Amino acid sequence: MLQVVFSESAGGSMKAGIGAPGHVIGSATSVAIFSDEKDSLSPKQLKRLRRQAEDREKRNWEQALSFPGSHEDVICLPLALSFGPIHLDLTGPERAAALKRLFSAFPSEAEEVVSHLTCQVLRSLDMLLKRASQGEAVRIWIADDPNDWCGFCHLAFLLSGCSNQMPVSLVHLPPFWAREDQAVVPYAGLGEVPPYLWGRLAQQEKPLTPAFLKALAGHWLQLQEENAPLRALVNGSLVSVPESFYDSFILSQLRCMEPIFREAELVGKVLGQYRLGIGDGFVALRVEQMIRDGLLEPVTQPQQGDPLYHRLLKKLPGCV
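Here's a quick rundown of the structure. (Residues numbered from 1 in each chain as written. Predicted model: local features only at pLDDT ≥ 70, side-chain atom pairs only at ≥ 80, totals over all residues. Heavy atoms only, no water.)

Some words on the pattern of salt bridges
Tallying each qualifying case throughout the model produces 11 salt bridges. Between glutamate 136 and arginine 131 there is a salt bridge; the shortest N-O distance is 2.6 Å. Among the charged side chains, a salt-bridge network with shared partners connects Arg101, Glu243, Asp247 and Arg286. (Salt bridge = Lys/Arg side-chain N within 4 Å of Asp/Glu carboxyl O.)

Following this line, the structure appears as structure tokens:
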């Protein structure tokens, strides 16, 4: 069975989860410590906290459900189709230019990242269509994320052109996930799903009918015809919107910032406060527009190799 995701982080987590349970623990684990005490923790305390985190990870893997398959079954299509033009070849120069703009906050990496993504997507699409045309089942994974939904509609359009009728199913990540200890965890996207959880998520799988896929393919054609600069989820519907659509959320957090502030902090607050399905690169792109509009002014410049938003900004007269 082919497993299709629309972000590299989701694909990496899924590959790490294949084969659970009985998985060898070795994934990265972080421990956040909040304390009013000024003194740092002792080596003994740090060791205890690290052991507790390892024990939690062990229990998670022990409780994981089997997620069979191989790494070759994971098809990753990180096309970021919610941003930029979509009316032409989605791996062509126009899309590449849009992706470079989306990654412009990382000037030292943008060219290489876009080239890598384009090559990866071309290989993945070729494998997907070849195996699907032979009748192999396709399982699609999405969250409430505009890139996932755009990828879903685009994939429905591609599958509708296959000569054979293959089984297609969907796993839709719920907005909140109840853990075994009854804690409720909000996942902003599939990239946040831990590797041991994929087997349980697979139980949410639902088959998709040809009629439903045809409707999605038709919606994709409509979005292509509109060819808006941005697509967003509004009340559960994927719609064309202007590029400034999310500016009100950025401005809302900007009001809470000091007259001179760290841009990275603003980006983090926007991503942490709202579940919009956008990334740091897009927020930084809109902040650049606010600088051009005379609302903000750079006070410092990022060090070479750092993201563009690693700098201080100043609010100008007329800013919120």
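Observations regarding the packing of aromatic side chains
Here the structure, examined in full by the defined rule, presents 10 aromatic pairs. Counting every residue linked through ring pairs, the aromatic cluster contains Phe83, Phe245, Tyr246, Phe249, Tyr274 and Phe282. A cation over a ring is seen here: arginine 275 above phenylalanine 176, with NZ or CZ 5.8 Å from the ring centre. (Phe/Tyr/Trp six-rings, centres within 6.5 Å; stacked < 30°, edge-to-face > 60°. Lys NZ or Arg CZ within 6 Å of the ring centre and 35° of its normal.)

Here we look at the sheet that holds strand β11 (residues 296-298)
Read from one edge to the other, the open sheet built from 3 strands follows the order β10-β12-β11, with strand pairing classed as antiparallel. Unpaired on one side and paired on the other, β10 (260-262) and β11 mark the two borders of the sheet. Shown here is a sheet whose adjacent strand axes are inclined to one another by a mean of 35 degrees, direction ignored. With 3 bridges joining them, β10 and strand β12 (residues 312-315) adopt antiparallel strand pairing. Within the sheet, the bridge partner assigned to isoleucine 260 lies in β12 and is lysine 314. Against the sheet, helix α10 (residues 280-292) touches β11 and β12, its axis set at about 100 degrees to β11. (Pairing = 2+ DSSP bridges. Helix = DSSP H or I, 4+ residues; strand = E, 2+ residues; numbered from the N terminus. Axes fitted to C-alpha atoms, helices over the stretch in contact; angles between N-to-C directions. Contact = heavy atoms within 4.5 Å.)

With respect to the packing of helix α9 (residues 263-273) against α10
Where α9 meets α10, the closest approach of the two axes is 10 Å, and the angle between their N-to-C directions is 125 degrees. Taken together, α9 and α10 sit at an angle that is classed as oblique. Our pair here, α9 against α10, has a crossing hand that is right-handed. Touching Glu263, Leu266, Val267, Val270 and Leu271 of α9 are Asp280, Val283, Ala284 and Val287, all from α10. In terms of residue class, the contact of α9 with α10 is built from 7 nonpolar, no polar and 2 charged. (Parallel < 35°, antiparallel > 145°, perpendicular 65-115°, else oblique. Left-handed = near helix turned anticlockwise from the far one by under 90°. Nonpolar A, V, L, I, M, F, W, Y, C, P; charged D, E, K, R; others polar.)

Notes on helix α1 (residues 8-17)
Of the positions making up α1, those classed as buried are Ala10, Gly11, Ser13, Met14 and Gly17. Down the axis of α1, the buried set is contained in an arc of 165 degrees. They therefore lie on one face. Directly beyond the C-terminal end of α1, a positive phi value near 100 degrees is found at glycine 19. (Buried < 20%, exposed > 50% of the residue type's maximum accessible area, 1.4 Å probe, protein only. Arc of directions from axis to C-beta.)

Points about helix α5 (residues 146-159)
Its 14 residues give α5 an end-to-end C-alpha distance of 20 Å, which sits within 8% of 20 Å, the value for a rise of 1.5 Å per residue. Most of α5 is tucked away: 11 of the 14 residues are buried. Those residues of α5 not exposed but buried are Pro146, Asp148, Trp149, Cys150, Gly151, Phe152, Cys153, His154, Leu155, Ala156 and Leu159. Among the residues of α5, the N-terminal cap falls to aspartate 145, whose side-chain oxygen and the backbone nitrogen of asparagine 147 are separated by 2.7 Å. (Expected span 1.5 Å × (residues − 1). Polar contact = N/O pair within 3.5 Å; in protein donor to acceptor, adjacent residues only side chain to side chain.)

Some thoughts on the nonpolar core
Core analysis: the biggest nonpolar cluster contains 34 residues, and Leu266, Phe282, Val287 and Leu296 have the highest contact counts within it. Contributing elements (two or more residues each) for this core: α3 (93-102), β8 (230-234), α8 (247-254), α9 and α10. The element that contributes the greatest number of residues to this core is α10, accounting for 7 residues. Counting 33 residues, the second-largest nonpolar core is a separate cluster that includes Leu128, Phe152, Leu155 and Ala156. (Core = buried A, V, L, I, M, F, W, Y, C linked by side-chain atoms within 4.5 Å.)

Describing the sheet that holds strand β2 (residues 74-76)
Spatially, the 5 strands line up as an open sheet ordered β2-β1-β3-β4-β7, and their pairing is mixed. The sheet is open, and its two borders are formed by β2 and β7 (206-207), each paired with just one other strand. Note: strand β1 (residues 2-5) against β2, 3 bridges, orientation parallel. Within β2, the position partnered with glutamine 3 by the bridge is valine 74.

Honestly, it's all geometry; don't read function into it.
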